[in-house]
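The primary structure of each chain is shown beneath.
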Amino acid sequence: MKIHKDTHVLLLKGGFGSEREVSLKSAEACSLAIKDMGLNLTEFDLGKFKIIDIVNINPDVCFNALHGKIGEDGTVQGLLNLLKIPYTHSGVTTSAIAMNKIHFKRVITHATENSDDPIFFPKNLEISYGKYLSVKNYKGPYVIKPINGGSSVGVIIVKDQNKIPLSKNFNYDQMMAEAYVGTKELTVTILKNAPLTVTEIKPKKNNEFYNFDAKYEKNGSFHEIPALIPNDIFEKSKSWALRAHNIIGCKGISRTDFRYDTKKNQLYMLEINTQPGMTIYSLAPEQARFCNVSMKEMVRTLLEEATYEC
């Protein structure tokens, strides 16, 4: 949509789940960019105000800075469709597919398996529940993670065939297991249907992987940008990210995460994020800056790409 000085932007933030604090930090950075554009801004914390208030606000466009369930799984997108309010980021179906890691893997695998360049994922494993949590018929390190969720909340890496005591903190029916693959963690942001660059993520502070603290704490991780990897893997990472973005119908922006096995020279896709973090430490804004795209320009692009689906 066309953005002008009188455009009234509704900034959705907060919410209810485990990623509420991340959303508030993303919204803080996006709010500054929107104000810098001189636009009329109303900030709306979905965890504090009633949904009906969105109707009364009557904005021209919604900037969705929510993360996790409700804001990222198609729920709030459906509401905004019914209200005919243009919104940033992806729509209902795309958001729902991307939020469910198993559905996303199935869709991308099926869409590319007979192509000249099939997209590979880590092997799915069957979880066994007893006194301890383990996997069936597999020897080697593996990863337990929520089927729906982001920001690495609830992710556990299991090595040396260790068994994990069951915890009341997790709903194990909503967990999945994958083989732990690769030696390098990579990510690619797609902005307005174009890949930006490839970043290698190197956690600090003895973090075993790019966990919540590594993502959102100052100096929590080191980002090598651009990633120092073979050129064919660099280009394949960008190509796969764009293909996944287009296959499930992402809009505006997405960020796709990978693992790269240097010994086998094999790239593995992990997941796609339709609501990538927009904090001052986040990967998508950092990649944009590397490509000479400011935060204000990035946010404006997302507002200009905003639409609704009915």
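### With respect to the packing of helix 1 (residues 20-36) against helix 9 (residues 295-304)
Then step 1. In contact at an axis separation of 9 Å, helix 1 and helix 9 are set at 85 degrees when each is read in the N-to-C sense. By the criterion of interaxial angle, the relationship of helix 1 to helix 9 is roughly perpendicular. Contacts from A29, C30, A33, I34 and D36 of helix 1 reach helix 9 at M295, K296 and V299.
Then step 2. For the contact of helix 1 with helix 9, the per-class residue count stands at six nonpolar, no polar and two charged.

### Things to note about the packing of aromatic side chains
Then step 1. Applying the stated criterion across every chain, the model contains three aromatic pairs.
Then step 2. When the ring of W240 is compared with that of F258, the centres are 6.5 Å apart and the planes differ by 40 degrees; the resulting orientation is tilted. In this pair, W240 sits in helix 7 (residues 231-247) while F258 sits in strand 14 (residues 253-261), placing the two residues 18 residues apart along the sequence.
Then step 3. A relative accessible area of 0% places W240 in the buried class.

### Re the packing of helix 5 (residues 101-112) against helix 7
Then step 1. At a minimum axis separation of 11 Å, helix 5 and helix 7 run at an interaxial angle of 105 degrees. Taken together, the axis directions place helix 5 and helix 7 in an arrangement best described as roughly perpendicular. Residues F104, V107, I108, A111 and T112 of helix 5 form the contact with helix 7, whose own contacting residues are R243, A244 and I247.

Conventions and cut-offs
Residues numbered from 1 in each chain as written. Predicted model: local features only at pLDDT ≥ 70, side-chain atom pairs only at ≥ 80, totals over all residues. Heavy atoms only, no water. Axes fitted to C-alpha atoms, helices over the stretch in contact; angles between N-to-C directions. Helix = DSSP H or I, 4+ residues; strand = E, 2+ residues; numbered from the N terminus. Parallel < 35°, antiparallel > 145°, perpendicular 65-115°, else oblique. Contact = heavy atoms within 4.5 Å. Nonpolar A, V, L, I, M, F, W, Y, C, P; charged D, E, K, R; others polar. Phe/Tyr/Trp six-rings, centres within 6.5 Å; stacked < 30°, edge-to-face > 60°. Buried < 20%, exposed > 50% of the residue type's maximum accessible area, 1.4 Å probe, protein only.

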